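# Chains, contacts and geometry: an overview
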Amino acid sequence: MKLLVSNDDGIFAQGIRALANTLAKAGHQVSVVCPDRERSATGHGLTLHQPIRAEEMDTVFDPRVKAWACSGTPSDCVKLALAALLPEKPDYVLSGINHGANLGTDILYSGTVSAAMEGLIENIPAIALSLTSYAPQNFSVAANFAASLVTALEATQPFPPLLLNVNIPPIDAEAIAGVAITRQGTRRYEEIFEKRIDPRGKTYYWLAGELTEDVLDPPSQNPSDSPILTDVQAIRQNYITLTPLHYNLTCSSGCQYLNGLHLPYPILG
């Protein structure tokens, strides 16, 4: 299969090297277009007011992998790959393997998830992969699972238009409890802005937010969801989590609430 791989940790990150090389060794045609440096927590940002440059990289990956380092954001990388660098549309867009979890509300900030989401916007099935630890880890378990997941999806075509957000616990393969189909959970952070003074005597701030709580959400009230675990709950039990996502953020219950408003104009809804 033709696979486009990106990330937000940069071209030299261990995670993307493990992912791209493992997929190439499995016989897939792999192209890598990713940031030339770390771009974590950039969300779905785009570069609009300066040029984007892409440099071919010949020595970072397996010789079978075609790779470019891009000066833009993760979303820029996928846009540029699809519109300018690749000769044909890939079958899947994969992003990662991220160094750290992308669980619950993390996905709103994640460059890893945003790169994959850019593929979905172009109607290409997408997978975002994260190893849930910031400590140095062996990415082989996550990379091998990614290859198995691609094989399984290929065997059950057609893959519906969605993004699979995949989180893998940082443990040996034998210790993984299984694979859990999950819904998005909630994580809360304490936002700490450290106030500092630069050499010219001017004040600046450095964001140092810390995770304070993985919220154990109650079961969904939607009968079609219940009793699906959240990704936050399942990862605590050493499951690999698969959370299907899309980019439609419409809140259906909000539409019902707005229909009850008394406004000076008729409401269509």
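In this report, we go over the structure that sits alongside the text. The structure displayed is predicted, hence computed values, not measured ones. (Residues numbered from 1 in each chain as written. Predicted model: local features only at pLDDT ≥ 70, side-chain atom pairs only at ≥ 80, totals over all residues. Heavy atoms only, no water.)

### Focus on the nonpolar core
- With 44 residues, the main nonpolar core has L23, V32, F61, L94, L129 and V166 as its most contacted residues.
- Among the elements that take part in this core, helix α4 (residues 140-155) stands out by supplying nine residues, more than any other.
- Leave out the neighbours within four places in its chain, and L129 touches L19, L94, S95, G96, I97, N98, T112, A146, V166 and I168.
- Core analysis: the next-biggest nonpolar cluster, separate from the first, contains 20 residues, A115, A116, I124 and L245 among them. (Core = buried A, V, L, I, M, F, W, Y, C linked by side-chain atoms within 4.5 Å. Buried < 20%, exposed > 50% of the residue type's maximum accessible area, 1.4 Å probe, protein only. Helix = DSSP H or I, 4+ residues; strand = E, 2+ residues; numbered from the N terminus. Contact = heavy atoms within 4.5 Å.)

### Some remarks on the pairing of strand β5 (residues 92-99)
- Counting buried residues in β5 gives seven out of eight residues, a clear majority hidden from the surface.
- Inspection of the sheet shows strand β1 (residues 2-6) paired to β5 by four bridges, in the parallel sense. Its bridge partner being in β5, L4 is matched across the sheet by V93.
- Two strands pair when backbone bridges link them, and β5 and strand β6 (residues 126-131) are joined in this way by five bridges, in the parallel orientation. Paired with S95 across the bridge in β6 is A128.
- Once you follow β5 into helix α3 (residues 111-121) and on to β6, the crossover reads as right-handed. (Pairing = 2+ DSSP bridges. Right-handed = clockwise from strand over helix to strand, strands pointing away.)

### What about the pattern of salt bridges?
- Per the stated rule, a full pass over the model turns up seven salt bridges.
- Between K66 and E56 there is a salt bridge, with its nearest N and O atoms 2.8 Å apart. Of this pair, K66 sits in strand β4 (residues 66-70) while E56 sits in strand β3 (residues 54-57), placing them ten residues apart in sequence.
- Using a relative accessible area of 37% as the deciding quantity, one classes K66 as partly exposed.
- Between K79 and E118 there is a salt bridge whose closest N-O contact spans 3.1 Å. On the criterion of sequence distance, the pair formed by K79 in helix α2 (residues 74-85) and E118 in helix α3 is long-range, its members being 39 residues apart. (Salt bridge = Lys/Arg side-chain N within 4 Å of Asp/Glu carboxyl O.)

Function-wise, these values are silent; they only describe arrangement.
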